[in-house]
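Structural characterization, general
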Amino acid sequence: MSRSAHPAGPRYADVLPEGGHSAAPADLNRLDTRIWPGGAARDARSGAVTFAGVDIRELAREFGTPVYLIDEDDWRRRARAWVEAFGTEADVFYAGKSFLSVAIAKWAAEEGLHLDVCTGGELAVALRAGFPAARLGFHGNNKSVAELERAVAAGVGRIIVDSHDEIERLAAIAAERGVRQRVMVRVTAGVEAHTHEFIATAHEDQKFGFSLAGGAAAEAVARILKHADHLELTGLHSHIGSQIFDTAGFEVAAHRLIEALAVIRRDHGVELPELDLGGGLGIAYTEADDPAPVAETARRLKEIVARECDAAGLAHPRLSVEPGRAIAGPPGVTLYEVGTVKPLPGLRTYISVDGGMSDNVRTALYDAEYTVRLANRESGAEPMLSRVVGKHCESGDIVVRDAWLPADTVPGDLLVVAATGAYCRSMASNYNHVLKPPVVAVRDGAARVIVRRETEDDLLSLDLG
Ligand SMILES: Cc1ncc(COP(=O)(O)O)c(C=O)c1O
Ligand SMILES: N[C@@H](CCCC[NH3+])C(=O)O
């Protein structure tokens with residue numbers, strides 16, 4: 001578990017040296033390759049950051065700030081690495097909630113990913129992109145009848161059911177359409193991943209899934225099997241949390257799921273052919289985070305499943321996983337312009353940028369940590385303890401809580417924040433009627449807007465006076 005990204009147990013201030021912040025890094029200009037996308041570098045002559053071959057100052061001029069930038073090659077490379085690491089005997093579902101647009105859905109399809117959607121909105125984006133419906137998985141603890149009808153009509157490959165109500169609803173919809181819908185059962189395996197309380201999802205007291213321990217999962221399986229004419233039960237699904245750094249939690253979850261598969265075989269005489277271990281693999285937001293390479297993670301997860309199945313005398317099910325952050329997070333950065341610099345003597349310097357909690361709510365919501373660098377130039381100035389804050393009317397409107405920036409940072413400078421590709425644009429809001437920034441994909445020296453900037457007209461068109 002990363003202390004830096006989600007200080008779950010001890011609060012951030014409790015795990016850092018006196019003063020509540022980490023020591024200044026040795027080099028404020030350096031872009032650590034574990035944190036920054038492959039295409040981020042500093043131009044040797046100007047000292048400005050270049051992004052996938054384009055001077056970041058040009059990107060700011062052309063698209064304005066704040067702007068989300070995605071290194072397209074880096075995104076595709078990570079997607080491919082997941083697909084290759086899991087191989088042909090497993091499926092990798094990209095979790096669209098981390099960030100989804102029509103272009104992204106197309107990249108995912110091209111790179112051989114499956115896609116996890118969890119609302120009608122995400123489904124609509126996938127369908128607009130022409131994503132093959134058979135490679136879609138549909139999640140959600142409260143899918144509406146309309147959403148389920150649309151998913152069944154579209155031919156969604158699997159629906160991960162999450163409540164008894166949903167099972168009955170879905171069976172009726174499939175019966176009406178005369179189809180047999182493939183479904184999985186989302187179970188809570190009772191594993192509490194070491195992550196922020198709000199995003200750990202497999203412990204018992206929460207809204208997602210059917211409890212294994214409490215018997216609800218067994219009841220869900222029995223109900224689905226009773227609807228066998230219209231529901232085809234393919235397997236069990238578990239998701240234990242997010243921003244997780246080791247496979248221990250997955251091991252326990254896999255053990256419990258496979259135990260359940262053995263009980264299902266005993267009680268119903270069927271061996272379910274699929275097993276999904278969900279997403280949740282962590283990324284490096286700061287130098288304190290050290291995620292394992294995906295090949296290593298894949299090897300471990302496959303080994304765990306094979307071992308547990310062998311022990312239970314079960315055939316190896318087809319494995320699937322659902323990474324979101326691990327594919328979409330690191331290739332994305334957010335570029336801001338500094339508006340004001342306010343030193344608070346004896347405390348720190350507040351640096352206000354032109355965005356904030358509306359484009360990145362994760363710091364306010366989870367105490368998440370980020371790495372920020374001066375982007376339009378290098379600087380040899382002394383490190384200055386700073387807090388990068390937004391422009392919202394809220395004191396918790398913090399982008400980077402403890403940032404070391406050069407003491408000569410001034411209004412008009414550009415700041416770039418790393419690893420914002422996941423759960424930033426997708427969780428963006430219009431708080432204070434601030435407009436959502438565009439998303440720009442950059443590849444081989446060329447930039448393309450994949451989601452345009454919102455305009456005041458967009459917002460005012462919703463307001464009927
Ligand atoms: C069911 C499910 N699958 C996959 C994910 C993706 O998680 P992550 O982006 O941490 O990989 C989530 C979100 O946590 C989820 O709820
Ligand atoms: N939104 C969370 C992850 C949520 C996972 C969804 N189940 C984050 O930013 O870290």
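Residues numbered from 1 in each chain as written. Chains lettered and ligands numbered in written order. Predicted model: local features only at pLDDT ≥ 70, side-chain atom pairs only at ≥ 80, totals over all residues. Heavy atoms only, no water.

**A few points about the overall build of the protein**
Tallying secondary structure elements over the protein gives 13 helices and 21 strands in all. Over its C-alpha trace the protein gives a radius of gyration of 23 Å, about what one expects of a compact globule, namely 23 Å for 465 residues. Projected onto its principal axes, the C-alpha coordinates of the protein cover approximately 70 × 50 × 40 Å. Accessible area of the protein: about 19,000 Å², with a carbon and sulfur share of 50%. Placing the 50 positive and 66 negative side-chain charges of the protein at their respective mean positions leaves the two points 2 Å apart. (Helix = DSSP H or I, 4+ residues; strand = E, 2+ residues; numbered from the N terminus. Rg over C-alpha atoms; globule rule 2.2 N^0.38 Å. Areas by Shrake-Rupley, 256 points an atom, 1.4 Å probe, with all protein chains shown as cover. Lys, Arg positive; Asp, Glu negative; His and termini not counted. Charge placed at Lys NZ, Arg CZ, Asp CG, Glu CD.)

**Things to note about the pattern of salt bridges**
Under the counting rule described, the total for this entry stands at 37 salt bridges. In this structure, E72 engages R443 in a salt bridge whose closest nitrogen and oxygen atoms are separated by 3.3 Å. With a gap of 371 residues between them, E72 in helix α3 (residues 72–86) and R443 in strand β20 (residues 439–443) connect regions that are remote in the sequence. In this structure, E271 engages R265 in a salt bridge whose closest nitrogen and oxygen atoms are separated by 3.2 Å. Residues participating in the shared-partner salt-bridge network are E72, D73, R76, R80, E110, E111 and R443. (Salt bridge = Lys/Arg side-chain N within 4 Å of Asp/Glu carboxyl O.)

**Some points on the site of ligand 2**
In the region of ligand 2, seven residues are neighbours, and R325, R362, Y366, Y423 and M427 sit closest. R325 places a side-chain nitrogen or oxygen 2.7 Å from an oxygen atom of ligand 2. Between ligand 2 and the protein, one listed contact pairs a nitrogen atom with a side-chain N or O atom of Y366 at 2.9 Å. Burial of ligand 2 by the surrounding chains reaches 84%, relative to a free accessible area of 310 Å². (Near = heavy atom within 4 Å. Polar contact = N/O pair within 3.5 Å; in protein donor to acceptor, adjacent residues only side chain to side chain.)

**Focus: empty space enclosed by the protein**
What the rule picks out here adds up to two cavities of 30 Å³ or more. Taken as a whole, the largest cavity holds about 60 Å³ of empty space. Surrounding the largest cavity, Y68, L69, I70, F99, G332, T420, G421, R425 and V439 form its lining. Of the residues that constitute the lining of the largest cavity, the class distribution is five nonpolar, three polar and one charged. Lining the second largest cavity are L261, E271, L272, C309, L314, A315 and P317. Residues of the lining of the second largest cavity, tallied by class, amount to six nonpolar, no polar and one charged. (1 Å grid on protein atoms, 1.4 Å probe; cavity = no way out; pocket = protein on both sides within 12 Å on 5 of 7 lines; lining within 4 Å. Points joined across faces, edges and corners; volume = space filled by probe spheres on them. Nonpolar A, V, L, I, M, F, W, Y, C, P; charged D, E, K, R; others polar.)

**Focus: the nonpolar core**
Grouped burial of nonpolar side chains is what soluble globular proteins tend to show. Core analysis: the largest hydrophobic core is formed by 127 residues, its most contacted members being W75, F86, Y94, I159, V185 and L236. For this core, the element with the most residues is helix α9 (residues 248–268), which contributes eight residues. Excluding residues that lie within four positions of it along the chain, V185 makes contacts with V161, F210, A220, V221, I224, L233, G235, L236 and H237. (Core = buried A, V, L, I, M, F, W, Y, C linked by side-chain atoms within 4.5 Å. Buried < 20%, exposed > 50% of the residue type's maximum accessible area, 1.4 Å probe, protein only. Contact = heavy atoms within 4.5 Å.)

**Describing the confidence of the model for the protein**
Put simply, the protein has an average pLDDT of 93, and 93% of its residues get 70 or more. The low-confidence segment residues 1–18 (pLDDT under 50) makes 48 contacts with residues lying over four places distant or belonging to another chain. Interface confidence for the predicted complex, given as ipTM, is 0.98, next to a pTM of 0.95. (pLDDT = per-residue confidence, 0-100.)

**Some details on the side chain of R42**
Examined against the element boundaries, R42 turns out to sit in strand β1 (residues 40–42). Buried charge without a salt bridge: R42, with E378 as the nearest opposite-charge side chain at an N-O distance of 4.5 Å. If we ignore the near neighbours within four places in the chain, the residues touching R42 are L28, N29, L31, G47, A48, V49, R373, L374, A375, R377 and E378.

**Quick look at the UniProt feature "binding site: substrate" (unreviewed entry) in the protein**
When the UniProt feature table is mapped onto this chain, "binding site: substrate" (unreviewed entry) is found at R325, R362, Y366, E394 and Y423. On the basis of their most widely separated C-alpha atoms, the annotated residues across 99 residues do not gather in one place, lying as much as 26.9 Å apart. Within the secondary structure layout, R325 lies in helix α11 (residues 325–328). Of note, E394 is situated in the loop between β17 (383–389) and β18 (398–406). For E394, the contacting residues outside a window of four places in its chain are M357 and Y431. (UniProt positions renumbered as here; feature names shortened; annotations may be inferred.)

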